[in-house]
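Chain by chain, the residues:
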Amino acid sequence: MCFLNTDKLSARLAAVAKYVPKGAKIADIGSDHAYLPCYLAKNSGISFAVAGEVAVGPFQSAERNVSSEGLSDMISVRLGDGLEVIQSGEVDHIAIAGMGGALIASILENGKEKLGSVKRLILQPNISAVSVRKWFLDNGWVLIAEEIIEEDGKIYEVLAAEKGSNPLKPYEQNVEAGLLFGPYLSKEKSKVFAKKWLNERNNWLRIYQQLEHAAQTPGTVEKKKELFTKIQLVEEVLGNEESKRS
Ligand code: SAM
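Just so you know, these numbers come straight off a predicted model, no measurement behind them. (Residues numbered from 1 in each chain as written. Predicted model: local features only at pLDDT ≥ 70, side-chain atom pairs only at ≥ 80, totals over all residues. Heavy atoms only, no water.)

**With respect to the overall build of the protein chain**
Scanning the protein chain from N- to C-terminus turns up eleven helices and seven strands. Relative to the globule expectation of 18 Å for 246 residues, the C-alpha radius of gyration of the protein chain, 20 Å, shows essentially globular dimensions. When the backbone C-alpha atoms are referred to their principal axes, the protein chain occupies close to 60 × 40 × 35 Å. Looking at the protein chain as a whole, 50% of its 246 residues qualify as buried. The long-range share in the protein chain, meaning contacts at least 24 apart out of those at least 6 apart in sequence, stands at 68%. Surface exposure of the protein chain reaches about 12,100 Å², of which carbon and sulfur atoms provide 51%. The centroid of the 30 positive side-chain charges in the protein chain is displaced by 3 Å from the centroid of its 32 negative side-chain charges. (Helix = DSSP H or I, 4+ residues; strand = E, 2+ residues; numbered from the N terminus. Rg over C-alpha atoms; globule rule 2.2 N^0.38 Å. Buried < 20%, exposed > 50% of the residue type's maximum accessible area, 1.4 Å probe, protein only. Contact = heavy atoms within 4.5 Å. Areas by Shrake-Rupley, 256 points an atom, 1.4 Å probe, with all protein chains shown as cover. Lys, Arg positive; Asp, Glu negative; His and termini not counted. Charge placed at Lys NZ, Arg CZ, Asp CG, Glu CD.)

Here it is, written out as structure tokens:
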């Protein structure tokens, strides 16, 4: 089991691993079984990794896997919240995968002082990638690449960013739409991307229609307005024809 997962990652974690270069010193925050750092140590030529975990069970599982793979010299497994497990200057890459975007953004926000030596962030929010893109924009990180993949019926996004003077660079005229859909993903418009946003749009449409039958309080009117704007944004990015086909 452990052998399999540290030699062959899920497609989701493989999409994260793709952005970790040879020689990297990386912290994987919320590492759980430490599959990602074990894989990187065995297959990607990284020089050092920290596997950080806040929960005792996953921390112990990470320790067990790192030790049974004979990687304890290269991977330091540490128990702690977010970036508190790393010292300033210790790593040059950070991966955070398999959590909500708001939690990822709060981990980065709370550990900002540890990011001085970090060249690249590789983040895989399960939901609300928009929270991560907003954090990049507010904190001087330039989104350099995005991936969207489907695995076992779930859709995941991976975002990579590097420090830079112009975090607005990837966004063209419509920053609000770029933050929501992703500037690269919305240009590429892959099948998986269309599927994700048609699903979202259909959910919003259903809620909108339910609200039409509810009492029209200021709250429902406001919510309807917000849903309408988001539905329109999806239709703009996918094109009306594609949206109607769903
Ligand atoms: N990163 C792995 C992956 O993508 O497969 C594991 C994802 S798992 C769903 C999320 C892990 O993050 C859990 O083990 C959880 O305990 C850990 N976690 C959540 N909040 C954390 C925090 N603030 N600091 C460190 N770890 C955290």
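**Some details on the site of the ligand**
Taken together, 17 residues surround the ligand, and among them Arg 12, Gly 30, Glu 53, Asp 81 and Gly 82 come closest. Separating an oxygen atom of the ligand from a side-chain N or O atom of Arg 12 is a distance of 2.7 Å. One of the backbone N or O atoms of Val 54 is found 3.4 Å from a nitrogen atom in the ligand. For the ligand, whose unbound accessible area comes to 590 Å², protein coverage reaches 77%. Residues that form the shell around the ligand fall into these classes: nine nonpolar, four polar and four charged. (Near = heavy atom within 4 Å. Polar contact = N/O pair within 3.5 Å; in protein donor to acceptor, adjacent residues only side chain to side chain. Nonpolar A, V, L, I, M, F, W, Y, C, P; charged D, E, K, R; others polar.)

**Considerations on the packing of helix H5 (residues 101–110) against helix H6 (residues 129–138)**
At a minimum axis separation of 6 Å, H5 and H6 run at an interaxial angle of 25°. Judged on the interaxial angle alone, H6 and H5 are roughly parallel. Note that H5 runs across H6; the crossing there is right-handed. From H5, Gly 101, Ala 102, Ile 104, Ala 105, Leu 108 and Glu 109 reach across to H6, where they touch Ser 131, Val 132 and Trp 135. (Axes fitted to C-alpha atoms, helices over the stretch in contact; angles between N-to-C directions. Parallel < 35°, antiparallel > 145°, perpendicular 65-115°, else oblique. Left-handed = near helix turned anticlockwise from the far one by under 90°.)

Taken by themselves, the reported measurements are silent on function.
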